[in-house]
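Geometric and topological summary
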Amino acid sequence: MNYKDYNDYELISYVHEDSEEASSILFEKYRPLIITIATKMITYSPNLGLEINDLIQEGMLGLNKAINTFDENEEASFYTYAKTCIERRMISLVVSAKRQKHRILNESVSLENYVDEEGINIVENLIADNSYNPENVMIEYEQEHNLTDKILELLTPFEQQVFELKITGFKYKEIADILDKEPKAIDNALNRIKLKIKNIINR
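Figured I'd write up the structure that's included with this text. Note that the structure is predicted; figures quoted are calculated from it, not measured.

1. Description of the overall build of the chain
The helix and strand inventory of the chain stands at 10 helices and zero strands. Listing the helices and strands of the chain from first to last along the sequence gives α-α-α-α-α-α-α-α-α-α. Split into buried and exposed, the 203 residues of the chain put 45% on the buried side. Within the chain, residue pairs in contact and separated by at least 24 positions form 65% of the contacts whose partners lie at least 6 positions apart. Surface exposure of the chain reaches about 11200 Å², of which carbon and sulfur atoms provide 45%.

2. Some words on the environment of E87
As for its position among the elements, E87 is in helix α4 (residues 78-105). When the C-alpha positions of E87 and I178 are compared, they lie 8.5 Å apart, and in sequence the two are 91 residues distant. Setting aside residues no more than four positions away along its own chain, E87 makes contact with I37, M41, Q161, I178 and L179.

3. Focus: helix α10 (residues 183-201)
For α10, built from 19 residues, the straight-helix expectation of 27 Å at 1.5 Å per residue is met to within 8% by its first-to-last C-alpha distance of 27 Å. What α10 keeps buried is the set I186, A189, L190, I193, K194, I197 and I200. Along the axis of α10, the buried residues cluster in a sector spanning 150 degrees; they form a single face. With respect to the buried face of α10, the exposed residues turned more than 90 degrees away are K184 and L195.

4. Re the pattern of salt bridges
The final tally for this structure, using the stated rule, is eight salt bridges. Of the charged contacts in the structure, one is a salt bridge between D177 and K40, with a shortest N-O distance of 3.6 Å. Of this pair, D177 sits in helix α9 (residues 172-179) while K40 sits in helix α2 (residues 20-43), and the two are 137 residues apart along the sequence. The partly exposed category is assigned to D177, whose relative accessible area is 31%. Overlapping salt bridges bring together E159, R192 and K196 as one network.

5. As for the side chain of D8
In this fold, D8 is placed in helix α1 (residues 8-16). A polar contact is formed between the side chain of D8 and the side chain of K29, at a distance of 2.7 Å.

6. A look at the nonpolar core
If you look at the biggest cluster of nonpolar residues, it comprises 52 residues, and the most contacted ones within it are M41, L63 and F78. Elements that contribute at least two residues to this core include exactly α1, α2, α3 (52-69), α4, α7 (147-154), α8 (157-167), α9 and α10. Filtering out sequence-adjacent residues up to four positions away, F78 remains in contact with D8, Y9, I12, L26, Y30, L63, A66, I67 and F70.

7. Notes on α7
Taken together, the buried positions of α7 are occupied by L147, T148, I151 and L152. Down the axis of α7, the buried side of the element spans an arc of 130 degrees, and every buried residue falls inside it.

8. Digging into the layout of surface pockets
Here the largest pocket defines a volume of roughly 300 Å³. As for the largest pocket, its lining consists of 15 residues, of which T80, Y81, T84, Q161 and K181 are closest to the centre. Listing elements by their share of the lining of the largest pocket, those giving two or more residues are α4 and α8. For the lining of the largest pocket, the leading source of residues is α4, giving six residues. The class makeup of the residues in the lining of the largest pocket is six nonpolar, four polar and five charged.

9. Re the packing of aromatic side chains
What the rule picks out here adds up to six aromatic pairs. Where Y6 meets Y14, the ring centres are 5.2 Å apart and the plane angle is 75 degrees; that geometry is what we call edge-to-face. With 5.3 Å between their ring centres and 90 degrees between their planes, F70 and F78 make a pair best called edge-to-face. The pair F70 / F78 is uniform in exposure class, with both members buried. An aromatic cluster of at least three residues, connected via ring pairs, comprises Y9, Y30, F70, F78, Y79 and Y81. A cation over a ring is seen here: K181 above F158, with NZ or CZ 5.5 Å from the ring centre.

Criteria and thresholds
Residues numbered from 1 in each chain as written. Predicted model: local features only at pLDDT ≥ 70, side-chain atom pairs only at ≥ 80, totals over all residues. Heavy atoms only, no water. Helix = DSSP H or I, 4+ residues; strand = E, 2+ residues; numbered from the N terminus. Buried < 20%, exposed > 50% of the residue type's maximum accessible area, 1.4 Å probe, protein only. Contact = heavy atoms within 4.5 Å. Areas by Shrake-Rupley, 256 points an atom, 1.4 Å probe, with all protein chains shown as cover. Expected span 1.5 Å × (residues − 1). Arc of directions from axis to C-beta. Salt bridge = Lys/Arg side-chain N within 4 Å of Asp/Glu carboxyl O. Polar contact = N/O pair within 3.5 Å; in protein donor to acceptor, adjacent residues only side chain to side chain. Core = buried A, V, L, I, M, F, W, Y, C linked by side-chain atoms within 4.5 Å. 1 Å grid on protein atoms, 1.4 Å probe; cavity = no way out; pocket = protein on both sides within 12 Å on 5 of 7 lines; lining within 4 Å. Points joined across faces, edges and corners; volume = space filled by probe spheres on them. Nonpolar A, V, L, I, M, F, W, Y, C, P; charged D, E, K, R; others polar. Phe/Tyr/Trp six-rings, centres within 6.5 Å; stacked < 30°, edge-to-face > 60°. Lys NZ or Arg CZ within 6 Å of the ring centre and 35° of its normal.

Right, dumping it as C-alpha cells:
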C-alpha cells in the first residue's frame, strides 16, 4: 500500500491503526512547517539559551499530539489544528525559557501596584505596546489563584497564543509573523483579551 496516495485524514486513520509508515509520512509532510515556525520563533527569541532544534523537537511533539487528538467532527481542518498544536508547544517552551531567565534577575513585581479602581492599568501594562515589560507582572506573579491561568481559561486557542506571546515580550508584527496572521487580526485578538481581563478583575 502506498500511503503517499492518501490525504491527511486517511493517514491519521491508518496511524490510529498502528501504521508506522502513515505516521512517518505525516511527520515528513509537516516537518517543513515545523522548521518554518521554529525559525521565526528563534529569530525573535534571542539570548534565552534556546536552539532551533529545541523548538523543532517541541514542534514534533505538538504534531504528534495533533495526530493523536484530532477530531474531524470538531476541527475545521487537520492542517489548522496541527499548526495550532505545533505553535502552542513552541510558545510554551519560549515562555518557560523567558520565565527562567527572568527569575534569575529576581524582578518580581506586585500585581496590586498596577490595578486601579477600574482595573485599567494592569490591562494596559499587560497588553499595550510600550517600554514596560509585561512579563514582570504576569510571569512572576505566582500565587494559589494564578491570574495567567484564569485568563487563559477564558481565551480561544488563537487568543491564548497571542496572549502568551505578548506577555513574553513579542510585538504585534512579530506575533503576526510567527502565527502567519495579519497584524489587524492580532490587534483584534488583543482587544478581545483586554475585555476578558477586565471582566476577571472586576468580578
